[in-house]
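Now for the letters of each chain:
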Amino acid sequence: ENYLMTLRIEKQDAAGKVCSSTWGERTHRLKSAPNIWPSVLDAPSSGICLGVQMQDWLPCASSPISREECEEKGCCYAPGDLHVPCYYGNTVTAHCTPDGHFLVAVSRDVTLPSLILDSVHLVSGRGSGCAPVTRNDAFVLYNFPLSACGTAFQRAGDQGIYTNELMAHHDIQNWDMGSITRDSTFRLRISCRYSAEGFLPVGVQIFTLPPPPLITQYGPLSLELRIATDKHYSEYYANRDYPVIKFLKDPVFLEVRILQRTDPNLVLVLHECWATPSTNPLQQPQWPILVNKCPYRGDNYQTQFVLTGTASRLQFPSHYKRFIINTFTFVDSDDQQALNGHVYFHCSAAACIPSAMESCMVDCNGIRGNSFFLYSADIVFFSFPQLKKMH
């Protein structure tokens, strides 16, 4: 919360003529940072400087120059380099020059993905005088008069404020059903303040667009597959209760739910559920339970969904999927004998966000739902502890 201000102290004679002036630095602790227009820029961090390859160094000032003078311009200093000792860092650097010019250097890496520097341009500036004066693989540099290239002016007390904007075009791909872009959004507004009387630069301020909101949320999408002890789903088997023993054709009350999410708009969607005789979800044999979000129609005891509406008294009913299957045993394909051992259940699931294009609802009696937006980066595969079957 400390701000460094460079002060110029002038002494005038009786006629008002400046007869002497001095420069000094003073550090203040201020309550409101937005009112400060620093005429001395902050020295760039080491990461901003080290992120620029030597072949891409763009001179920020001519040599010779000291470290202090270079860093006051917000630039990087390389004391051992005789050709480019002061260069622009891997960011946006703007100067308001005493001769009334905007000087703006933009790095390609100020956005992710990187800017296409050829697409950067002044919003209102036209003509050769508004084009970049220098460009390399990593930077584009503008240097144009305050009175040109669409610069807006307003007076604030004894100061004049000059403002201009830079932006980048998007490379847009079109299709008959929509359009997309993979380019970053970039818009930059730069304001220079000058003393209205002496036309000396008072400060520079840079405004950038805030980052767009995330379209995905990173982190684990935790789901749980468990078995209820009754058809009301009032209690569930604990880890110590497994393997659960069931007679053939007995109902098994399965439930899948999203854990640790409080967004009421999320809808759990089950893609596939199946059973195997081991913990390996890819092992053969397998028996399908849900296929393409719906009960497998080839089973003479079809899986039954249980509604999880408001009557279920769940805080987030859309975070749950409940269904009932009938106990079965695997049969050896050669001798047609029932296999001994456990039955394991597996499911693939995703969380869906409803939109105008996707309701996230599945109609297994008619046309099934369309594809949907995944809340997680990947479909989540998970398995359930063993279920003991009995003949």
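Residues numbered from 1 in each chain as written. Predicted model: local features only at pLDDT ≥ 70, side-chain atom pairs only at ≥ 80, totals over all residues. Heavy atoms only, no water.

The chain is annotated in an unreviewed UniProt entry as Zona pellucida sperm-binding protein 4 of Varanus komodoensis. Here the chain is described in UniProt, under the heading Function (unreviewed entry), as follows: "Component of the zona pellucida, an extracellular matrix surrounding oocytes which mediates sperm binding, induction of the acrosome reaction and prevents post-fertilization polyspermy. The zona pellucida is composed of 3 to 4 glycoproteins, ZP1, ZP2, ZP3, and ZP4. ZP4 may act as a sperm receptor." (UniProt positions renumbered as here; feature names shortened; annotations may be inferred.)

J.: How should the overall build of the chain be read in this particular structure?
T.: Each helix and strand counted, the chain has two helices and 26 strands in total. Counting over 391 residues, the chain shows a buried share of 37%. Entry remark: accessible area of the chain is about 23400 Å², with carbon and sulfur atoms responsible for 53%. (Helix = DSSP H or I, 4+ residues; strand = E, 2+ residues; numbered from the N terminus. Buried < 20%, exposed > 50% of the residue type's maximum accessible area, 1.4 Å probe, protein only. Areas by Shrake-Rupley, 256 points an atom, 1.4 Å probe, with all protein chains shown as cover.)

J.: What exactly am I supposed to notice about the packing of aromatic side chains here?
T.: The geometry of an aromatic ring pair comes down to the distance between the two centres and the angle between the two planes. Per the stated rule, a full pass over the model turns up nine aromatic pairs. Considering the side-chain rings of Tyr233 and Phe253, the 6.2 Å spacing of their centres and the 75° angle between planes classify their relative orientation as edge-to-face. Here the residue Tyr233 occupies a position in the loop between β16 (223-228) and β17 (244-247), and Phe253 occupies one in strand β18 (residues 251-258), the gap between them amounting to 20 residues. Taken individually, Tyr233 and Phe253 each receive the classification buried, so the pair is uniform in this respect. Members of the aromatic cluster, each reached through a chain of ring pairs, are Phe153, Tyr162 and Tyr194. Above the face of the Tyr236 ring, Arg226 is positioned so that its terminal group lies 3.5 Å from the ring centre. (Phe/Tyr/Trp six-rings, centres within 6.5 Å; stacked < 30°, edge-to-face > 60°. Lys NZ or Arg CZ within 6 Å of the ring centre and 35° of its normal.)

J.: Can you help me understand the nonpolar core in this one?
T.: Most often, soluble globular proteins have nonpolar side chains that are buried together. In terms of nonpolar packing, the biggest core is built from 26 residues, with Leu254, Val256, Ile289, Phe323, Ile325 and Phe345 touching the most fellow members. Broken down by element, the residue count for this core peaks at five residues, all from strand β24 (residues 342-352). With 25 residues, the next largest nonpolar core counts Leu122, Val140, Tyr142 and Val204 among its residues. (Core = buried A, V, L, I, M, F, W, Y, C linked by side-chain atoms within 4.5 Å.)

J.: Which parts of the structure should I look at to understand the environment of Asp263?
T.: Relative to the assigned elements, Asp263 resides in the loop between β18 and β19 (267-276). In the structure, Asp263 is positioned 55 residues away from Ser318 in sequence and 9.9 Å away in space, judged by C-alpha atoms. A distance of 2.9 Å separates a polar atom in the side chain of Asp263 from the backbone nitrogen of Asn265. (Polar contact = N/O pair within 3.5 Å; in protein donor to acceptor, adjacent residues only side chain to side chain.)

J.: Looking at this model, I keep getting lost on the side chain of Thr111. Mind explaining?
T.: Looking at the element boundaries, Thr111 is found in the loop between β6 (101-107) and β7 (120-122). A residue is classified by how much of its surface remains accessible, and Thr111, at 13% relative accessible area, is buried.

J.: Where do I start with the confidence of the model for the chain in this structure?
T.: Caution applies to low-pLDDT parts of the model: their predicted coordinates are not meant to be read in detail. Residue-level pLDDT values for the chain average 79, and 80% of them are 70 or greater. pLDDT under 50 marks residues 25-39. Its contacts with residues more than four places away, or in other chains, come to 34 contacts. Taken as a whole, residues 367-383 scores under 50 in pLDDT and shows 56 contacts with residues more than four places along the chain or in a different chain. (pLDDT = per-residue confidence, 0-100. Contact = heavy atoms within 4.5 Å.)

J.: Is there a simple way to think about the sheet that holds strand β5 (residues 92-96) in this case?
T.: Strand-to-strand pairing in sheets goes through backbone hydrogen bonds, with the strands running parallel or antiparallel. Ordered in space as β5-β6-β9-β8, the four strands form an open sheet in which the pairing is antiparallel. The sheet terminates laterally at β5 and β8 (134-135), the two strands that pair on one side only. (Pairing = 2+ DSSP bridges.)

J.: I tried to follow the sheet that holds strand β22 (residues 304-306) on my own but got confused; where do I start?
T.: Pairing within the open sheet is antiparallel, and its four strands lie in the order β16-β18-β23-β22. Each end of this open sheet is capped by a strand with a single partner; those strands are β16 and β22. The sheet shows a mean angle of 25° between the axes of neighbouring strands, taken without regard to direction. (Axes fitted to C-alpha atoms, helices over the stretch in contact; angles between N-to-C directions.)

J.: Hey, could you run me through the pattern of salt bridges in this one?
T.: Between side chains of opposite charge, a pair can form when the charged atoms approach closely. Applying the stated criterion across every chain yields a total of seven salt bridges. Residue Glu255 pairs with Arg226 through a salt bridge whose shortest N-O separation is 2.8 Å. Placement of the pair is Glu255 in strand β18 and Arg226 in strand β16, with a sequence separation of 29 residues. Through salt bridges with shared partners, a single network forms among Arg226, Glu255 and Arg322. (Salt bridge = Lys/Arg side-chain N within 4 Å of Asp/Glu carboxyl O.)

J.: I would appreciate a short explanation of the pairing of β6 in the present structure.
T.: Along a regular strand, successive side chains alternate from one face of the sheet to the other. Here β6 lies mainly inside the structure; six of its seven residues are buried. The sheet contact formed by β5 and β6 spans five bridges and is antiparallel. Directly across from His95, in β6, lies its bridge partner Leu103. Sheet topology places β6 next to strand β9 (residues 139-145); seven bridges connect them, and they run antiparallel. Residue pairing in the sheet places Phe102 in a bridge with Phe144 of β9.

J.: I would appreciate a short explanation of the state of the cysteines in the present structure.
T.: Cysteine pairs can be linked by a disulfide, which is a covalent bond between their two sulfur atoms. With the rule as written, the count across this model stands at eight disulfides. A disulfide bridge connects Cys49 with Cys76, and the sulfur atoms are separated by 2.1 Å. Sign of the S-S torsion, about -90° for the bond between Cys49 and Cys76, identifies this disulfide as left-handed. Separated by 27 residues along the polypeptide, Cys49 in helix α1 (residues 46-50) and Cys76 in strand β3 (residues 76-77) bring together distant segments of the chain. Taken individually, Cys49 and Cys76 each receive the classification buried, so the pair is uniform in this respect. One disulfide bridge connects Cys294 with Cys364, the sulfur atoms lying 2.1 Å from each other. Taking the torsion about the sulfur-sulfur bond, which here is approximately -90°, the covalent link between Cys294 and Cys364 counts as left-handed. Of the two residues, Cys294 is situated in strand β21 (residues 294-295) and Cys364 in the loop between β24 and β25 (380-383); the sequence distance between them amounts to 70 residues. Each member of the pair, Cys294 together with Cys364, is buried. (Disulfide = S-S within 2.5 Å.)

J.: Looking at this structure, I do not really get the pairing of strand β23 (residues 320-326). What am I missing?
T.: For β23, the tally of buried residues reaches five of seven residues, placing the bulk of the element in the interior. The pairing of β18 with β23 spans seven bridges and is classified as antiparallel. Residue pairing for β23: Phe253 is matched across the bridge by Ile324. Sheet topology note: the β22/β23 ladder contains three bridges and is antiparallel. Bridging from a neighbouring strand, Phe305 pairs with Phe323 of β23.

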